[in-house]
There are 2 protein chains.
Amino acid sequence: MIHSARLLACVAAVALASPVASQEGIAGRYRETANRLIAAATSDSATFARLTRLTDAFGSRFSGSESLERAIDWILGEMKKDSLENVRGEPVMVPHWVRGSESLRLLVPRPRALSMLGLGGSIATPPEGITADVIVVGSFEELRERGEDARGKIVLFDAPFTSYGQTVAYRVNGAIEAARVGAVASLIRSVTPYSQQTPHTGGMRYDSSVTRIPHAAMTVEDAMMLHRMQDRGERIRVTLTMSARTLPDVQSRNIVAELRGSELPNEVVVLGGHIDSWDVGTGAMDDAGGSVAAWEAVRLMKQLGLRPRRTVRVVLWTNEENGLRGATGYRDAHRTELDDHVLAIESDAGVFRPTGFGFGGSDSAFTIVREIARLLAPIGADTITRPGGGADIGPIMALGVPGMGLQVDGTRYFWYHHTDADTIDKLDPAEVARCVAALAVMAFIVADLPEPLPRAAR
Amino acid sequence: MIHSARLLACVAAVALASPVASQEGIAGRYRETANRLIAAATSDSATFARLTRLTDAFGSRFSGSESLERAIDWILGEMKKDSLENVRGEPVMVPHWVRGSESLRLLVPRPRALSMLGLGGSIATPPEGITADVIVVGSFEELRERGEDARGKIVLFDAPFTSYGQTVAYRVNGAIEAARVGAVASLIRSVTPYSQQTPHTGGMRYDSSVTRIPHAAMTVEDAMMLHRMQDRGERIRVTLTMSARTLPDVQSRNIVAELRGSELPNEVVVLGGHIDSWDVGTGAMDDAGGSVAAWEAVRLMKQLGLRPRRTVRVVLWTNEENGLRGATGYRDAHRTELDDHVLAIESDAGVFRPTGFGFGGSDSAFTIVREIARLLAPIGADTITRPGGGADIGPIMALGVPGMGLQVDGTRYFWYHHTDADTIDKLDPAEVARCVAALAVMAFIVADLPEPLPRAAR
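Analysis parameters
Residues numbered from 1 in each chain as written. Chains lettered and ligands numbered in written order. Predicted model: local features only at pLDDT ≥ 70, side-chain atom pairs only at ≥ 80, totals over all residues. Axes fitted to C-alpha atoms, helices over the stretch in contact; angles between N-to-C directions. Helix = DSSP H or I, 4+ residues; strand = E, 2+ residues; numbered from the N terminus. Parallel < 35°, antiparallel > 145°, perpendicular 65-115°, else oblique. Left-handed = near helix turned anticlockwise from the far one by under 90°. Contact = placed C-beta atoms within 7 Å. Nonpolar A, V, L, I, M, F, W, Y, C, P; charged D, E, K, R; others polar. Pairing = 2+ DSSP bridges. Right-handed = clockwise from strand over helix to strand, strands pointing away. Expected span 1.5 Å × (residues − 1). Buried ≥ 20, exposed ≤ 12 C-beta atoms within 10 Å, placed from the backbone. Arc of directions from axis to C-beta. pLDDT = per-residue confidence, 0-100. Least-squares fit on C-alpha atoms with pLDDT ≥ 70 in both. Domains from an automatic or database assignment.

Participant: What is the right way to read the packing of helix H9 (residues 284-303) of chain B against helix H14 (residues 429-448) of chain B from this model?
Facilitator: Residues and elements named next belong to chain B. H14 packs onto H9 with a crossing angle of 55° between their chain directions and a minimal axis gap of 8 Å. As the angle between them shows, H9 and H14 are arranged oblique. Note that H9 runs across H14; the crossing there is right-handed. Packed against H9, whose contacting residues are Gly-289, Ala-293, Ala-294, Glu-296, Ala-297, Leu-300 and Met-301, the element H14 presents Val-432, Cys-435, Val-436, Leu-439, Ala-440, Ala-443 and Phe-444 at the interface. Here the contact of H9 with H14 is built from residues that sort into 12 nonpolar, one polar and one charged.

Spelled out as structure tokens, the structure:
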């Protein structure tokens with residue numbers, strides 16, 4: 001409540017400081033509406049309660065799991081209670097990978113169990129596990145140089161975190177590169193700048209040109225320890241046991257709900273996040289937070305009686321984590337409407353303190369969304385940068401839909417990403433509320449502008 | 001190396017800025033010696049290599065474990081190689097608690113395994129575990145108010161971390177207070193300000209006036225979740241299974257090694273840490289770091305040919321964590337020498353960036369050690385506060401020996417304390433080197449002063 005009171009005072013101060021508001025174009029015309037949305041979002045405790053309930057009651061929401069489908073059922077029910085319009089689950093077939101029991105045991109030089117998580121999509125080991133010596137490398141380059149030494153061994157990629165974009169290469173391609181030099185399994189140092197013996201799971205690939213080998217993540221601490229042991233000339237031997245299986249695809253759903261436009265209901269602004277998570281933790285940041293924030297943004301418009309000219313559509317995609325089938329499914333199901341998709345906004349970087357949006361679209365649209373973002377100055381979310389987008393809106397952006405990703409303070413995002421520690425207690429209700437406000441203001445105004453956002457010439 | 005170069009430059013600058021050094025009393029007389037010790041400690045990489053080797057090779061060093069005794073054997077051998085004097089293991093009988101297999105499973109409202117660690121000294125559950133409803137309380141006061149509700153249930157103390165001294169009360173006394181109101185087991189929220197689903201173990205007590213019940217720690221995240229579930233009126237039911245056993249005491253050893261005094265060898269300055277740890281992680285901060293820092297401080301004196309008037313004795317106590325038998329054993333074995341113990345220094349707060357020492361002793365001694373501490377200004381470790389001491393030197397301080405505890409930046413100490421995440425990668429070689437320097441300078445000068453540190457009148 002202290003946060004909200006401060007923020008309302010701040011909003012009022014900013015409004016008072018702008019006597020020329022009414023002459024300001026977009027920002028002037030929508031300032032009062034924006035301030036109402038910001039005030040509503042930041043004085044509301046229902047959003048965080050809903051997010052907490054979702055993560056506590058259903059836990060992780062992995063594609064193929066019962067908990068994902070139960071969470072979807074619950075959200076659809078709540079959206080109907082919110083009187084959102086055209087609430088529906090749109091069927092999508094999704095992969096069904098099951099982790100099963102798994103373990104990693106250091107045999108030599110010091111017997112002990114090591115924390116690990118198999119990577120999503122990995123094959124299993126034989127039931128008795130794979131027992132082999134370990135070769136530790138710091139990079140793909142080092143693996144290639146020492147390729148001969150890796151034959152018949154387990155390769156450990158001990159690559160320190162630089163950026164997610166760079167370091168994730170070992171998670172995604174490690175099994176391919178290790179198999180290429182004849183390794184029997186591959187391990188990675190978890191992709192994170194910080195660890196408390198915390199393994200991080202995530203997606204990976206195989207390549208039809210090389211043998212599929214099991215692929216798993218160990219902790220930063222243990223990867224560094226094995227590297228030191230190797231540097232001291234010690235032999236390292238482990239047993240890796242994984243019983244992961246890929247079952248036939250199963251049906252999941254994208255959640256779709258709308259606030260229909262008052263004048264141009266066939267023109268659509270999409271906003272959303274992904275409702276699935278990995279099979280660890282509760283996916284509070286990744287991405288229950290983005291999903292609930294988008295949903296709540298639309299609920300608040302409805303609650304305030306704000307109905308824009310165009311339709312605002314919340315989409316909670318399924319299967320972002322290990323298939324992106326929700327994203328491609330949405331594209332395919334709505335392909336004929338995409339010319340009328342004015343903008344797609346995704347929140348999938350955590351619901352920490354928002355700073356603005358990354359934008360992918362035409363120069364003239366960029367000018368307009370920057371103008372709108374000025375109205376987010378009271379909550380510090382007024383910075384628009386290029387490029388921008390999101391995994392789930394990628395397929396429709398590729399077909400010309402302008403896209404936008406909510407940007408937030410990412411200091412600790414990768415501390416928790418794809419781990420058991422991605423839980424609601426890591427989030428601050430005041431920061432989540434600001435995310436809701438930023439999404440609501442941007443989505444509403446773009447949906448209500450006299451003209452659609454101009455697209456780039458194609 | 002950058003760190004060391006900078007520090008040497010800094011030491012030189014401080015020396016140049018003090019032209020009156022030779023007229024300054026203690027600080028003046030010992031400035032050159034102090035700077036030599038600081039330069040040696042901060043340009044040495046052997047300390048961190050030794051600390052790494054100790055924790056990598058032996059892992060956790062719990063009282064009663066083979067790994068503790070093997071680590072002690074290795075240290076004794078290394079100390080002999082260092083040509084330290086009177087190197088010996090002094091026998092001490094220690095408790096032998098064995099964790100065994102253990103688990104905590106949430107049955108209702110959402111079935112899942114919960115991370116946990118039994119607390120040291122806890123009894124076991126029956127083999128089939130204890131299945132009961134959970135009552136969550138935020139404090140002992142709330143437990144007393146709701147005492148009737150706790151009968152036959154498992155009490156969870158969800159007490160947020162304020163300070164270690166305050167919050168540890170739930171770990172130490174939780175089983176007693178829960179048993180007093182008829183609970184069948186007790187759980188605590190791990191004693192830490194930060195968590196990544198990280199359970200923290202530690203010591204606990206029973207009281208002969210009430211029934212002994214099993215006592216375990218869960219993670220901050222899960223404790224908060226169960227509390228929220230209770231607040232929403234949901235029934236919470238768990239199965240706690242622990243097979244912990246307390247076996248007969250076994251023999252361990254305090255490690256003792258000396259640099260004998262040149263003039264007054266029977267007068268002694270003790271410095272050390274504790275060589276045992278909990279049975280998780282590798283006890284890198286708690287307290288391999290303090291142990292190795294004290295040992296290295298004496299090795300560096302020897303290496304530099306610095307032999308003080310009095311004896312400097314490094315003592316690495318055993319069984320600090322769950323019995324303090326090393327501390328009381330040292331007191332008993334050396335009781336007749338304690339009048340000649342000039343000072344006892346302990347490092348057991350982690351080997352992070354040192355800030356100085358906490359001191360427990362007479363006013364006149366406080367004046368002297370503050371004067372000595374001025375020589376630690378080049379490494380920022382020149383602050384002496386009162387009171388001070390340490391768990392292992394407590395028993396001899398109680399008999400009149402002045403005591404001192406190394407103080408360090410404690411920001412993250414309790415993030416790792418008694419967990420699997422207490423590993424070498426959390427430590428910075430440059431910070432550890434400064435700890436060595438601070439210990440070496442303080443111990444050497446106190447051991448070399450013309451007069452012993454004055455004790456308080458008794």
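Next comes the rest of the write-up.
Participant: Would you take a moment to explain the pairing of strand E11 (residues 264-274) of chain A for this structure?
Facilitator: Regular strands place side chains that alternate from one sheet face to the opposite one. Residues and elements named next belong to chain A. For E11 and strand E12 (residues 310-317), the ladder comprises eight bridges, and the chain directions are parallel. Bridged to Val-268 within E12 is Thr-311. In this fold, E11 hands off to helix H9 (residues 284-303), which returns the chain to E12; that crossover is right-handed. Direction of pairing for E11 relative to strand E13 (residues 341-346): parallel, over a ladder of five bridges. Note on E13: the bridge partner recorded for Leu-271 is Ile-345.

Participant: What is the right way to look at the interface of chain B and chain A in this model?
Facilitator: By convention, interface size is frequently given as the accessible area that disappears when the constituent parts associate. Residue-level contacts link 20 residues of chain B with 21 residues of chain A. Those elements that place two or more of their residues in the side of chain B that touches chain A are helix H3 (46-58) and helix H8 (220-231) of chain B. Here the side of chain B that touches chain A is built from residues that sort into six nonpolar, seven polar and seven charged.

Participant: Could you clarify how one ought to interpret helix H4 (residues 66-81) of chain A in this entry?
Facilitator: Residues lying three or four places apart along an α-helix face the same way, a consequence of the helix completing one turn every 3.6 residues. All names here are of chain A. With 16 residues, H4 extends 23 Å between its outermost C-alpha atoms, agreeing within 8% with the 22 Å of an ideal straight helix rising 1.5 Å per residue. Within H4, the full set of buried residues consists of Leu-68, Ala-71, Ile-72, Ile-75 and Met-79. Buried residues of H4, viewed axially, fall in a sector of 100°; they line one side. Opposite the packed face of H4, turned more than 90 degrees from it, sit the exposed residues Glu-66, Gly-77 and Lys-81. Check the buried side of H4 and you find it contacts helix H3 (46-58), strand E1 (85-98), strand E10 (245-259), H9 and E12.

Participant: Can you walk me through the confidence of the model for chain A in this structure?
Facilitator: As a general rule, the predicted coordinates of low-pLDDT regions are not to be interpreted in detail. All names here are of chain A. A residue-level look at chain A finds 95% of positions with pLDDT of 70 or above and a mean pLDDT of 95. Every residue in residues 1-23 is under pLDDT 50, and counting partners more than four places away or in other chains gives 21 contacts. Reported confidence for the predicted complex is 0.92 by ipTM and 0.93 by pTM.

Participant: Is there a simple way to explain the relation of the copies chain B and chain A in this structure?
Facilitator: Superposition of the two copies of the chain requires a rotation about an axis together with a shift along that axis. Under the fitted operation, chain B is carried onto chain A by 0.0 Å of movement along the axis and a turn of 180°, and the coordinates agree to an RMSD of 0.0 Å. Both copies are brought into coincidence by an operation consistent with a two-fold rotation axis. It is Gln-196 of chain B whose C-alpha, among those of chain B, lies nearest the rotation axis, at 3.2 Å. Most of the interface of chain B is mirrored in chain A, where 100% of its interface residues are also at the interface.

Participant: I would appreciate a short explanation of the domain arrangement of chain A in the present structure.
Facilitator: All names here are of chain A. The assigned domain composition of chain A is domain 1 (2-95 + 248-448) and domain 2 (100-243). Between the C-alpha centres of domain 1 and domain 2 the distance comes to 36 Å. Of the residues lining the interface, 10 residues belong to domain 1; the matching set on domain 2 comes to 12 residues. In terms of residue class, the side of domain 1 that touches domain 2 is made up of five nonpolar, four polar and one charged.

Participant: Would you explain the sheet that holds strand E14 (residues 354-360) of chain A in this entry?
Facilitator: In sheet architecture, strand pairing relies on hydrogen bonds along the backbone and comes in two forms, parallel and antiparallel. Residues and elements named next belong to chain A. Here we have eight strands laid out as an open sheet, ordered E1-E10-E12-E11-E13-E16-E14-E15, and mixed in their pairing. The open sheet has two edge strands, E1 and strand E15 (383-385), and neither has a second partner. Recorded for the sheet is a direction-independent mean angle of 25° between the axes of neighbouring strands. Where E1 and E10 come together, 11 bridges link them in antiparallel fashion. Note on E10: the bridge partner recorded for Arg-88 is Val-256. Each of E1, E10, E11 and E12 is contacted by helix H10 (residues 325-333), which is oriented at about 135° to E1, the strand it contacts most.

Participant: Help me understand the environment of Lys-153 of chain A in this model?
Facilitator: All names here are of chain A. Here Lys-153 shows up in the loop between helix H6 (147-150) and strand E6 (154-157). Given 20 C-beta atoms within 10 Å, Lys-153 falls into the buried group. Here the alpha-carbon distance between Lys-153 and Ala-183, two residues 30 residues apart in the chain, equals 5.0 Å. Those residues within four positions of Lys-153 in sequence are excluded, and the remaining contacts are Ala-132, Asp-133, Val-134, Ile-135, Ala-183 and Val-184.

Participant: Would you mind going over the environment of Val-298 of chain B with me for this structure?
Facilitator: Residues and elements named next belong to chain B. As for its position among the elements, Val-298 is in helix H9. Classification of Val-298 as buried rests on a count of 27 C-beta atoms within 10 Å. Once residues lying within four places of it in the same chain are set aside, the contact partners of Val-298 are Leu-84, Ala-257, Leu-259, Val-312 and Val-314.

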